[in-house]
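Overview (structure and organization)
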Amino acid sequence: MIELRDVTKRLGTRQILEGMTFAVPKGMNYVLMGPSGTGKSVTLRHVIGILKPDQGSVQVDGQEVPAMDREQLMALRRRMGYLFQNGALINWLSVEQNVALPLEEHSKLGKGEVRDRVHEVLRMVGLQQAAEQFPPSISGGMKLRAGLARALVTQPEYVLYDEPNAGLDPIISHQIHQLIAEVRDRLGVTGLLVTHSRACATECGDRIGIIEKGKIAIEGTVEEMIASDHPLAKAFLGGGSD
Amino acid sequence: MNPFSFTGTALRSRIDSAGFVVDLLVRTVTSLPYLGRRRRFALDMAFNAGVRALPVTMIVAAFAGAILAMQTGIELRRFGDTGVLGTITALSMCREMGPFITGVILAATVGSSMAAEVGTMKVSDEISALEVMSVDPVNYLVLPRVVALAIMCPTLTALSNLVGIFGGSIIAQQNLGVSQSRFWMSAQDALTSSAMLLPKELYVGLFKALIFGIAISVVSCAAGLRATGGALGVGLAVQTAVRNSVLLIIVLGFIVTWFFYFLE
């Protein structure tokens, strides 16, 4: 379980988070929505320990992330996957090498086992044909799917998705949403998603929290949020949004 | 803006940067046990750095040696002592000019590209991606680059020395009437006078080159790792890398010379 309690964070002169509190139960996809610059990605970076809060608590499975030393943090990160907005693939490695990277660095698997595992996840995200290609020569959607494969290859318990459909057309977006839902249903992975997209939130989310002024302003299940009269819920999940 | 506040902010930023570079150097040294794992990448980088810098370094070294012989030859001719031209050219190239030329060219060609590569990775979240995969960017990215330049800077310096002396010998023969054999004999005498296997004039120069190679790569990677804000940030990182590398080459060159020739 991921749990944030009263987290505050100031970056430069801007107060980004101010009392951010929410919990993501195991096996669920929790969607964070909100206007740009309200601290959605900053929240994800707290969960994986790239940023430390000024105040408040960030816990994963009861362990306080900001209090972890380097070794504990590395151990936590091995149990987590992170999908960046643009995939953040290493440019000089092929898609296959990118996906194999976390296994080659940390697992004791042999070369053949790594290759099998990599091709298994590439097949799952529909990228087995692009295994030999390099990031500059593939599309944005393929980069995201490769990023997702890299996040999943270590069989993580948690995956954090930072705008998984940013800049993608509706068809590719829909495929990505299906993949994220499949990861939860088939592999039992707990997900924390950041998105602006109504389709993404409703197709992959179990619970939705909308951020305003650095904290969760309204939260509920997908159905509750769609039915809500709250202006933020209407703005992000109303019929005309997306 | 208050001038005291401005000076304080500027000073603090410089101290921050210097601290980051020193910290990166220490972390790189403590990452040395990973070298076996990064060996292939380091050798690839060394090969690329050598290939990229070799033509320019050789051209500049040849002309630097020629200019050195020309300038000193003009004065020596007045005293009728052009026979020591080989000694002067060889000592100047091996002690100072060879490492300096190689260092500056490596900073401009390889250091700048290191800062650009690492900076682009930083602003496009690739460094964060490595961190969240528990891959330490220092041993994955910085260590192979530092090892590559620590190998290539002395290697290119040795070649620069040779080509520079050769350039001087051409000028000595063509313009100052010193025969090739006399020039090279004089150069050889100067470099082997101490009867050591590796003469001091050579090893001090090569040691300087080693220090320059490490300094250029650490400073360039540090500039890249501190890049922020997209293409503009990467451009600034490249500028910072080249400026700081050249500054360090001059300062470290002075310190090493002082240490070996005046602290005895």
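The structure displayed is predicted, hence computed values, not measured ones. (Residues numbered from 1 in each chain as written. Chains lettered and ligands numbered in written order. Predicted model: local features only at pLDDT ≥ 70, side-chain atom pairs only at ≥ 80, totals over all residues.)

Bringing the domain arrangement of chain A into the picture now. Residues and elements named next belong to chain A. According to the domain assignment, chain A consists of domain 1 (1-79 + 157-242) and domain 2 (88-155). Spacing between the C-alpha centres of domain 1 and domain 2 amounts to 24 Å. Element by element, the count of residues in the side of domain 1 that touches domain 2 is highest for helix α6 (residues 170-187), at four residues. Among the residues making up the side of domain 1 that touches domain 2, the classes are represented as seven nonpolar, one polar and one charged. (Domains from an automatic or database assignment. Helix = DSSP H or I, 4+ residues; strand = E, 2+ residues; numbered from the N terminus. Nonpolar A, V, L, I, M, F, W, Y, C, P; charged D, E, K, R; others polar.)

This next bit is on α6(A). All names here are of chain A. Here α6 spans 25 Å end to end across 18 residues, near enough to the 26 Å set by a 1.5 Å rise per residue. Residues of α6 that are buried: Ser-173, Ile-176, His-177, Leu-179, Ile-180 and Val-183. Seen end-on, α6 carries its buried residues on one side only, within an arc spanning 155°. Summarising the geometry of α6, the exposed residues directed more than 90 degrees from the buried face are Pro-170, Ile-171, Gln-178, Asp-185 and Arg-186. Its buried side turned inward, α6 meets β3 (29-33), α5 (140-152), β7 (158-162), β8 (190-194) and α7 (198-204). Just beyond α6, the residue with positive phi is Gly-188, at close to 70°. (Expected span 1.5 Å × (residues − 1). Buried ≥ 20, exposed ≤ 12 C-beta atoms within 10 Å, placed from the backbone. Arc of directions from axis to C-beta. Contact = placed C-beta atoms within 7 Å.)

All names here are of chain A. On the basis of which strands lie adjacent, the open sheet formed by six strands has the order β6-β7-β8-β3-β9-β10 and mixed pairing. The open sheet terminates on both sides in strands that have one partner only, identified here as β6 (80-83) and β10 (215-221). The mean inter-strand angle of the sheet, taken between neighbouring strand axes irrespective of direction, is 15°. As defined by bridge partners, β3 adjoins strand β9 (residues 207-212) across four bridges and the pair is classed as parallel. By the bridge assignment for β9, Tyr-30 is matched with Arg-207. α5 rests against β6 and β7 of the sheet, and its axis sits at about 170° to β6. (Pairing = 2+ DSSP bridges. Axes fitted to C-alpha atoms, helices over the stretch in contact; angles between N-to-C directions.)

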